[in-house]
Amino acid sequence: MLERIVSLEPSVTASLIALGQGHRLVAVTRYCRRLVPNLPAEIPQLEPTWSIQAKEVAALKPDLVIAGIPYGAGKVDELLKAKLNVFCLYQQTLNDVYNHLIWLGQLCDASSKAQEVILEMKTTFEDLSKRAAEKPKRRVYVETWPTPATRNAEPWIVEIVELLGGEVVPTPPGRSVTEEEVIEADPEVIIVNWAGVEKMDVERVLRRKGWENVSAIRTKKVVAVNEIFLNAPGPNLAEGGRELYRAMYGS
């Protein structure tokens, strides 16, 4: 049985806490407390998968290290060279998130709890989808990073927006996009969702040169959300869905 787990992503930490397995955590990342504020004060906080130092992880003598996107070049190799057991997750869709909850549940002898968490998530999305069915469909641009090149929504966020009756523009998702692409797509709602940024200034978007005729700019429908609920692909996506609904429809 796994007794000492190091989590290298907020989504992993949130998943383990939701499964009732927080007692197995011996370290998390410095970003995890934003998503799970009630973590024990004494738990070590490391860098995430992108920039983790293998020697810091090895010093904790974990049974398992759980990593997730985004991956930094060579970082998993360094963990393996340190003779650590590493479980790597690569979420792209909501089904991936559900499957990973199932896998984590199996690893920690919490399979039934995993099914409960998944059902709660699906129920939330179904309820929001029903509420959105009566709303007008809108073109939505979700900006995950502002500069030097803007980045649009990750695939799982696109799924949630579509469940809420939105049309994500520009496509395809999960990539850098040019300002020209966004202007041509003419979104009616712009959702500011900058990864890792706690306080986002929507005025930066409203003041962009050349964007004056974009529908969302003209109507000032530019809304910031709590990005970690959406950018960390775990059970918190249910709350992320509520944030998106409020951003798209205002209530």
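Read on for an overview of the structure. (Residues numbered from 1 in each chain as written. Predicted model: local features only at pLDDT ≥ 70, side-chain atom pairs only at ≥ 80, totals over all residues. Heavy atoms only, no water.)

1. Some remarks on the sheet that holds strand 3 (residues 45-46)
Overall, parallel pairing links the 5 strands, which are arranged 3-2-1-4-5 in an open sheet. Two strands in the sheet have a free side with no partner beyond their single neighbour: strand 3 and strand 5 (86-88). As defined by bridge partners, strand 4 (residues 64-67) adjoins strand 5 across 3 bridges and the pair is classed as parallel. Its bridge partner being in strand 5, Ile 66 is matched across the sheet by Phe 87. Contacting strand 1 (5-7), strand 2 (25-29) and strand 4, helix 1 (residues 10-18) crosses the sheet at an angle of about 140 degrees to strand 2. (Pairing = 2+ DSSP bridges. Helix = DSSP H or I, 4+ residues; strand = E, 2+ residues; numbered from the N terminus. Contact = heavy atoms within 4.5 Å. Axes fitted to C-alpha atoms, helices over the stretch in contact; angles between N-to-C directions.)

2. Thoughts on the sheet that holds strand 8 (residues 166-168)
In spatial order, the strands read 8-6-10-11; together these 4 strands make up an open sheet with parallel pairing. This sheet does not close on itself; its edge strands, each paired only once, are strand 8 and strand 11 (222-224). With direction set aside, neighbouring strand axes in the sheet form an average angle of 30 degrees. Relative to strand 10 (residues 189-192), strand 6 (residues 138-143) is paired through 4 bridges, and the arrangement is parallel.

3. Focus: the pairing of strand 2
The buried fraction of strand 2 amounts to 5 of the 5 residues, a majority that puts the element mostly inside the structure. Where strand 1 and strand 2 come together, 2 bridges link them in parallel fashion. Across the sheet, residue Val 6 finds its bridge partner in strand 2, namely Ala 27. Crossover strand 1 to strand 2 through helix 1 is right-handed. Summarising the sheet, strand 2 and strand 3 pair through 2 bridges and their orientation is parallel. Each bridged residue has a counterpart across the sheet, and for Val 28 the counterpart in strand 3 is Gln 45. (Buried < 20%, exposed > 50% of the residue type's maximum accessible area, 1.4 Å probe, protein only. Right-handed = clockwise from strand over helix to strand, strands pointing away.)

4. What about the packing of helix 5 (residues 94-107) against helix 6 (residues 111-132)?
Orientation of helix 5 relative to helix 6, taken along the N-to-C sense of each, is 160 degrees, at an axis distance of 7 Å. One way to sum up the angle between helix 5 and helix 6 is to call them roughly antiparallel. Read as a crossing pair, helix 5 and helix 6 show a hand that is right-handed. Residues Leu 94, Val 97, Tyr 98, Leu 101, Ile 102, Gly 105 and Gln 106 of helix 5 form the contact with helix 6, whose participating residues are Ser 111, Ala 114, Gln 115, Val 117, Ile 118, Met 121, Lys 122 and Phe 125. Split by residue class, the contact of helix 5 with helix 6 holds 10 nonpolar, 4 polar and 1 charged. (Parallel < 35°, antiparallel > 145°, perpendicular 65-115°, else oblique. Left-handed = near helix turned anticlockwise from the far one by under 90°. Nonpolar A, V, L, I, M, F, W, Y, C, P; charged D, E, K, R; others polar.)

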